[in-house]
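Per-entry structural report
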Amino acid sequence: MQGKRKMADEQKITLAHGSGGSTSYELIRRITRVFGKPAAELNDSAVVGFGKSRLAFTTDSFVVKPVFFPGGDIGKLSVCGTVNDLAVAGAVPLYLTASCIVEEGFKISDFKKIVESMKKAATQAGIRIIGGDLKVVKKGEADGIFVNTAGIGMLRSNVSISVDNAKPGDKVIISGSIGDHGIAILSQRPGISFRTNVKSDCAPLDSLTGIVCRFGKKVRVMRDPTRGGLASALNEIAMASGKTIIIDESAVPVRREVGSACGLLGLDPLQVANEGKLVAVVSGSVAGKICREMKKNRYGKDAAIIGEVFRGKSGVYMKTIAGGKRIVEMLSGEQLPRIC
Amino acid sequence: MPAIVKELHREFAGPTRFMEVCGTHTMAVFRHGIRSMLPPGLELVSGPGCPVCVTPAGKIDEAIALAGKKGIILATFGDMLRVPGTRSSLEKQRAEGADVRVVYSCADALKLADETGKKVVFFAIGFETTSPTIAQTILDARRTGKKNFFVYTALKLIPPAMRALLESGEVKIDGFMCPGHVSAVIGTKPYGFIPRDYRIPCVVAGFEAYDILESLLMLVRMKKSGKPEVANQYCRWVRTDGNQRAVEILNSVFETSDAEWRGIGVIPSSGLNLRKEFLEFSAERFVDSGISAPEEKSGCRCGAVLRGAVKPTDCPLFGKKCTPDNPAGACMVSSEGTCAAYFRYAGKKKNG
Amino acid sequence: MCLAIPAKIVKINGETAEADMAGVRKEINVALLSDLKTGEFVLLHAGFAIQKIDRKSAMESLKAFREVYGPDFAGKIV
């Protein structure tokens, strides 16, 4: 362990450290240990006591490229991302602040569009943006625009949600198709150039989590799988809870175009980013009901039960369409198009 | 259980070892969870069919040096980005400021040369599936008079590697699952020497679970019958003669040469070099001589893994000092490396 | 050893063509093939079409696949 830490200190930050996979996870674990709990618990939001209530508090930075993409823009993303981190903690999102770092030369009309997107997303999520900050840096010192949002929410009193809370017999639910956001973004990147109708699934999850949280303590874990995809989110749950999760490949919703684009690029849809999906680990006794309720919501139309939690060594496995069984690993390194 | 799996169990006649010679097959076997469906005693071993894994560390060191040169853009397939050379990798060099770009196609590298006007060197690795695409791009570069496009090649051929493995006799192999997409280009005839000279059956196999299971069944049957031959399971894409046009284009630009395979050594006539008339596209002119001799990390058993002599789990570094996040050897870094596949899909357990 | 997927030729422009893979569109190089027709399926690798499909074999494979994967299997092979 000592040797590994020493080697890591000698290295430089690489893109892999920001990809949301195992390399990021390791670095973030080391950093948050410096700050102790609740940061070190690595939940999507920190939950702190506030008198008789509990508050959820979270922050996120957004560096998406391109800034405008099919299905949204960095403004919508920055609001939904933070709303979702609050929502999956079991909180009612209340207030956000937004801090922007803009590169000299960025079009004001584009900046206005982004701000309007933020307002629209905030209204939809029922939250207010109550403050912010703007910094401008010289041309070349930031890539267009970077946005940070911080959010605060009130924890619902009837839930006890935590990443280490999965229990044997629990079922795993996903709110819809996976990989849409990652493919929508990749389709806009120069150098890969493929065209598709896939739009980012960027959306606020507060209404969906509201539905799920009606089931109180029967809801164990909620996560919004972003970078690193569903695979990374499930692995985080399995590792923290010390349990085995087995999912069924034929139950995982993947849009045909997303599957095809992944095949073209050599990507595993399980590891491709999402921005509007909810993973919920819930008691087996209420899974069916929760799934049916989610389907009534516009963001949960394709909700599905995809797996189950078992006692056993922590890890995530998948029963393949072919009838075999294999491990589902966390994304390692930066996501690269594979050809060979 | 699907009918084909039942048949495989029924016809299986005792301890058997088949080798799949293709990184994409290694991955497909794991991705579909094939091993969990096989009869006990049917062992699948991986061979040196991962072009990234068999690229010598010295070549990677040279590519890294090229990337660091002023005015040069090094274009590479994504797979090569994290492969460790002796001291560094292209990814680490990029973090240090080298201009390294990931491309999906060699043609994209040529486009890059067009758009930037800078010298673009394409790091060309691959087998017979990929080599014709590089040959065609070079022909396009010549036709359009490009003076700033170069290739740094480490292209290899599969059948000579299979022959070298059989000659060494290091691993007893009862049959080969031949690479489906290489065969789409070269056809099925180049494997003829295997049943003829070594009495071992071959099946050219596809990559879906059914393709692999059917290919294994065909191999099991041929082994039982004692009549080895080259059979084609992947008929929808593989013809006996392959794609003659692609082969002609390949041969017009490249000629065979001896090549060094990481972990195996030099295999005669197993590599491709630019023909004399296309040397203007060679990036060799930018390579400094005297790059120090590379050494493999002590304990790394990539070589033995690539020859099918040991399993990844037999390597002392596997899962401990060597993981996908901290790879010691190419087999762990490449997305199709045997060790990476084992780690990703089977964890640290012995059977997938 | 090489990732390759089926693609349908939508429009041919000399040595390049527009290809469709279940709704994903891409411009690809078809110089390695001759006598290509619109609507044909090709094997796409690293931006190049490297072989044309044998329709009869493909249909047989699809039939066999459906036995294993179920009748809803949309046929990744074509």
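Conventions adopted
One numbering rule holds for all chains: residues counted from 1, following each sequence as written. Chains carry letters from A onward and ligands carry numbers from 1 onward, assigned in written order. Given that this is a predicted model, residues contribute local features only at a pLDDT of at least 70 and side-chain atom pairs are listed and counted only at 80 or more, while totals for whole chains, interfaces and linings are drawn from all residues. By definition, any uninterrupted DSSP run of H or I lasting at least four residues is a helix, any uninterrupted run of E lasting at least two residues is a strand, and each is numbered from the N terminus. With C-beta atoms placed from the backbone, a residue is buried if 20 or more other C-beta atoms are within 10 Å of its own, exposed if 12 or fewer are, and partly exposed between those counts. This entry defines residue contacts through backbone-placed C-beta atoms, with two residues in contact when those atoms are within 7 Å. For the radius of gyration, the atom set is restricted to C-alpha positions; the globular benchmark scales as 2.2 Å times the number of residues to the power 0.38. Under the convention adopted here, Pro, Cys and the residues Ala, Val, Leu, Ile, Met, Phe, Trp and Tyr are nonpolar, Asp, Glu, Lys and Arg are charged, and Gly plus all remaining residues are polar. Any two strands are treated as partners once DSSP identifies two or more bridges connecting them. Here an angle of 0 to 180 degrees is reported between the N-to-C directions of two axes, which are lines fitted to C-alpha atoms, with helices fitted over the stretch in contact. Annotation comment: domain bounds sourced from an automatic or database domain assignment. Scored from 0 to 100, pLDDT reflects the predictor's confidence in each residue. Only buried residues count toward a nonpolar core: Ala, Val, Leu, Ile, Met, Phe, Trp, Tyr and Cys, linked into one set through C-beta atoms within 7 Å. For the handedness criterion, the strands are oriented away from the viewer, and a crossover whose path from the first strand over the helix to the second runs clockwise is classed as right-handed. Put simply, angles under 35 degrees are roughly parallel, angles over 145 are roughly antiparallel, angles from 65 to 115 are roughly perpendicular, and the rest are oblique. Left-handed describes a crossing whose near helix is turned anticlockwise from the far helix through less than a right angle; right-handed describes the clockwise counterpart.

Scanning chain B from N- to C-terminus turns up 14 helices and eleven strands. In terms of overall dimensions, chain B has a C-alpha envelope of 60 × 45 × 35 Å along the principal axes. Expressed as a percentage of the 352 residues in chain B, the buried residues total 60%. Expressed as a percentage of contacts within chain B between residues at least 6 apart in sequence, the contacts between residues at least 24 apart total 76%.

What follows deals with the overall build of chain A. Helix and strand content of chain A: nine helices and 14 strands. On C-alpha atoms alone, chain A measures out to a radius of gyration of 19 Å, which is about the 20 Å that the 2.2 N^0.38 rule sets for 340 residues. Burial status across chain A gives 52% buried among its 340 residues. For chain A, restricting intrachain contacts to residue pairs at least 6 apart in sequence, the fraction spanning at least 24 positions comes to 82%.

Residue and element names in this part refer to chain B. Note on placement: Ala 124 falls in strand E5 (residues 119–126). Among the residues examined, Ala 124 registers 28 C-beta atoms within 10 Å and is labelled buried. C-alpha separation for the pair Ala 124 and Arg 17, spaced 107 residues apart in sequence, amounts to 33 Å. Not counting the four nearest positions on each side in its chain, Ala 124 is found in contact with Cys 106, Ile 134, Val 151, Tyr 152, Thr 153, Ala 154 and Leu 155.

Contact residues are listed per partner, giving 36 residues for chain B and 24 residues for chain A. For the side of chain B that touches chain A, the secondary-structure elements that each account for two or more residues are helix H2 (23–31), helix H4 (90–95), strand E4 (100–102) and helix H14 (338–346) of chain B. Of the residues belonging to the side of chain B that touches chain A, the class tally is 17 nonpolar, nine polar and ten charged.

As a further point, take the sheet that holds strand E2 (residues 42–46) of chain B. All names here are of chain B. Spatially, five strands are ordered E2-E1-E7-E8-E9 in an open sheet, and the strand pairing comes out parallel. Edge positions in the open sheet fall to E2 and strand E9 (230–232), since each of these has one partner strand only. In this sheet, neighbouring strand axes are inclined to one another by 25 degrees on average, regardless of whether the strands run parallel or antiparallel. Where strand E8 (residues 202–205) and E9 come together, three bridges link them in parallel fashion.

We now examine the domain arrangement of chain A. All names here are of chain A. Considered domain by domain, chain A is made up of domain 1 (44–155) and domain 2 (171–327). If you average the C-alpha positions of domain 1 and of domain 2, the two centres end up 23 Å apart. Contact with domain 1, which involves 22 residues of that partner, is made by 19 residues of domain 2. Going through the elements one at a time, helix H3 (74–87) and helix H4 (108–125) are the ones with two or more residues in the side of domain 1 that touches domain 2.

Moving on: unusual backbone geometry. Backbone torsion omega between Lys 37 of chain A and Pro 38 of chain A reads 0 degrees, so that peptide bond is classified as cis. Following the sequence through the fold, Pro 38 of chain A ends up in the loop between helix H2 (22–35) and strand E1 (46–50). The phi dihedral of Ser 269 of chain B is positive, around 50 degrees, even though this residue is not glycine. Mapping Ser 269 of chain B onto the fold places it in strand E11 (residues 265–274).

In this section: the confidence of the model for chain A. Here chain A averages 90 in pLDDT, while 94% of its residues score no lower than 70. Residue range residues 1–8 of chain A is modelled with pLDDT below 50. Its contacts to residues more than four positions away, or to other chains, number zero contacts.

Contacts between chain C and chain B engage 27 residues on the former and 37 residues on the latter. Residue composition of the side of chain C that touches chain B, by class: 17 nonpolar, seven polar and three charged.

What follows is about the nonpolar core. The biggest cluster of nonpolar side chains holds 250 residues, and the ones touching the most others in it are Leu 74, Val 121 and Phe 176 of chain B. For this core, the leading source of residues is helix H10 (residues 209–225) of chain B, giving ten residues. When residues of this core are assigned to domains, at least three fall in each of domain 1 (44–155) and domain 2 (171–327) of chain A.

On a regular strand, one side chain projects to one face of the sheet and the next to the other, so that they alternate. Residue and element names in this part refer to chain B. The alternating pattern of E8 places Cys 202 and Val 204 and Val 203 and Ala 205 on opposite faces, both of which are buried. In terms of strand pairing, strand E7 (residues 175–179) meets E8 through four bridges, oriented parallel. Across the sheet, the residue bridging to Pro 179 is Ala 205, located in E8. Taken together, E8, H10 and E9 constitute a β-α-β crossover, and its handedness is left-handed.

All names here are of chain A. Here we have seven strands laid out as an open sheet, ordered E9-E11-E8-E12-E10-E13-E14, and mixed in their pairing. Across the chains shown, the open sheet's two edge strands, defined by having one partner strand only, are strand E9 (219–223) and strand E14 (325–327). Sheet twist, expressed as the mean angle between neighbouring strand axes with direction ignored, is 25 degrees. Bridge analysis of strand E13 (residues 315–319) against E14 gives three bridges, and the strand direction is antiparallel.

Moving on: the packing of H3 of chain A against H4 of chain A. All names here are of chain A. Across the interface, H3 lies against H4 with an axial gap of 7 Å and an inter-helix angle of 30 degrees. Judged on the interaxial angle alone, H4 and H3 are roughly parallel. Note on packing geometry: the crossing formed by H3 with H4 is right-handed. Contacts between H3 and H4 involve Ile 74, Gly 75, Lys 76, Ser 78, Val 79, Cys 80 and Val 83 from the first element and Ile 114, Val 115, Ser 117, Met 118, Ala 121, Ala 122 and Ala 125 from the second. In terms of residue class, the contact of H3 with H4 is built from ten nonpolar, three polar and one charged.

Quick look at the environment of Thr 226 of chain A now. With respect to the helices, strands and loops of the structure, Thr 226 of chain A is situated in the loop between E9 and helix H7 (229–241). A residue is classified by how many C-beta atoms lie within 10 Å of it, and Thr 226 of chain A, with 22 of them, is buried.

Residue and element names in this part refer to chain B. Judged by how many residues are buried, H2 sits mostly within the fold: nine of nine residues are covered. Among the residues of H2, Gly 23, Thr 24, His 25, Thr 26, Met 27, Ala 28, Val 29, Phe 30 and Arg 31 are the ones counted as buried. Backbone geometry just after H2 places Gly 33 at a positive phi near 70 degrees.

All names here are of chain B. Here Ile 125 shows up in strand E5. Along the backbone, Ile 125 and Thr 55 are 70 residues apart, and their C-alpha atoms lie at a distance of 7.8 Å. Setting aside residues up to four positions removed in sequence, Ile 125 forms contacts with Pro 51, Val 52, Thr 55, Phe 77, Met 80, Ala 154 and Leu 155.

What follows covers the packing of helix H1 (residues 3–11) of chain B against H10 of chain B. All names here are of chain B. Where H1 meets H10, the axes come as close as 10 Å, and the angle between the chain directions of the two elements is 20 degrees. By the angle class used here, H1 and H10 are roughly parallel. Crossing angle aside, the handedness with which H1 passes H10 is left-handed. On H10, the residues that touch Ile 4, Val 5, Glu 7, Leu 8 and Glu 11 of H1 are Tyr 210, Leu 213, Glu 214, Leu 216, Leu 217, Val 220, Arg 221 and Lys 224. Split into classes, the residues belonging to the contact of H1 with H10 amount to eight nonpolar, no polar and five charged.

Moving on: the confidence of the model for chain B. On average, chain B scores 90 in pLDDT, and the residues at 70 or more come to 95%. For this predicted complex, the interface score ipTM comes out at 0.92, while the overall pTM is 0.88.

All names here are of chain A. The sheet contact formed by strand E8 (residues 171–174) and strand E12 (residues 304–310) spans four bridges and is antiparallel. If you follow Ile 173 over to E12, its bridge partner there is Ile 305. Looking at chain direction, strand E10 (residues 244–248) and E12 are connected through four bridges and run antiparallel. By the bridge assignment for E12, Thr 244 is matched with Phe 310.

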